Amino acid sequence: MKIITKEDVKNYKYPYDFVNKIICGNCLDLIKLIPDGEIDCIITDPPYGLNKNGIKNDADYCPEGGVRSPIGRTKYMSCFLFRKGNPRLIQRKTDIYKDTPGKMVEPDEGFINHPTPKPKHFIKQIIEMTTLERDLILDPFIGSGSTAVASKQLNRKFIGFEIQEKYCRLANERLARIK
Ligand SMILES: C[S@@+](CC[C@H](N)C(=O)[O-])C[C@H]1O[C@@H](n2cnc3c(N)ncnc32)[C@H](O)[C@@H]1O
């Protein structure tokens, strides 16, 4: 798998090159190729070095799964949710947060080799709360692929963008293991 350049991206066609795919490249370029109105929901946690000056990568900002913040090193992780139309809760959940046994371990997959993988359990709860089967979910910062794996397991369509080739490969390996 190679990093897609701005030139390559021009040849990408929606939906064939996008839906149910991990696309290696810069989300700021790739997102422009998705027609308006296609995405039902965006679920993402952007890199922790994101600010008005641009995007820095997690490897610099979040080496131990903690986050540098104005109050020091914290252990929270952010998750942003955007829903098309008039958002409403499809399923109500009372306790959506359950930590994984280790910060980079999924109970059914083992070690996830990314600095900040999100627990699939958590992503799945969000998906069930806010989307219907076959809805299209975009994660422009897909990292290790948790949103894609959770979407596939819950019969939702997904699009995942990721700038680092090694994480694109990891996400695809995780997806390939799902029956
Ligand atoms: C906080 S992590 C996402 C972790 C993910 N939720 C998971 O479960 O593995 C943010 C990811 O965004 C990627 N990233 C950074 N800048 C990017 C860009 N411009 N376009 C696409 N991906 C980018 C980083 O390489 C990193 O893997």
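What counts, and at which threshold
Residues numbered from 1 in each chain as written. Predicted model: local features only at pLDDT ≥ 70, side-chain atom pairs only at ≥ 80, totals over all residues. Heavy atoms only, no water. Near = heavy atom within 4 Å. Polar contact = N/O pair within 3.5 Å; in protein donor to acceptor, adjacent residues only side chain to side chain. Areas by Shrake-Rupley, 256 points an atom, 1.4 Å probe, with all protein chains shown as cover. Nonpolar A, V, L, I, M, F, W, Y, C, P; charged D, E, K, R; others polar. Buried < 20%, exposed > 50% of the residue type's maximum accessible area, 1.4 Å probe, protein only. Helix = DSSP H or I, 4+ residues; strand = E, 2+ residues; numbered from the N terminus. Pairing = 2+ DSSP bridges. Salt bridge = Lys/Arg side-chain N within 4 Å of Asp/Glu carboxyl O.

Visitor: Just to check I follow, could you spell out the site of the ligand for this structure?
Guide: As a structural note, the neighbourhood of the ligand is formed by 24 residues, with Asp 45, Lys 118, Ser 144, Ser 146 and Glu 162 the closest of them. Ser 146 is positioned such that a nitrogen or oxygen atom in its side chain is 2.7 Å from an oxygen atom of the ligand. Contact with the protein chains covers 98% of the free accessible surface of the ligand, which is 610 Å². Taken together, the residues of the shell around the ligand break down into 11 nonpolar, nine polar and four charged.

Visitor: Sorry, what's going on with the pairing of strand E9 (residues 157–162) here?
Guide: Each regular strand shows side chains that alternate between the opposite faces of the sheet. Where burial is concerned, most of E9 is hidden: five out of the six residues are buried. Pairing between strand E1 (residues 21–24) and E9: four bridges, direction parallel. Within E9, the residue paired with Ile 23 across the bridge is Phe 161. Where strand E8 (residues 136–139) lies against E9, four bridges are found, and the strand directions are parallel.

Visitor: Explanation requested: the pattern of salt bridges in the structure shown.
Guide: Summed over the entire model, instances satisfying the criterion amount to eight salt bridges. In this structure, the salt-bridge partner of Arg 83 is Asp 135, at a minimum N-O distance of 3.1 Å. In this pair, Arg 83 sits in strand E5 (residues 80–83) while Asp 135 sits in the loop between helix H4 (120–130) and E8, placing the two residues 52 residues apart along the sequence. Given the relative accessible area of 24%, Arg 83 is considered partly exposed. The shortest N-O distance in the salt bridge between Asp 108 and Lys 120 comes to 3.0 Å.

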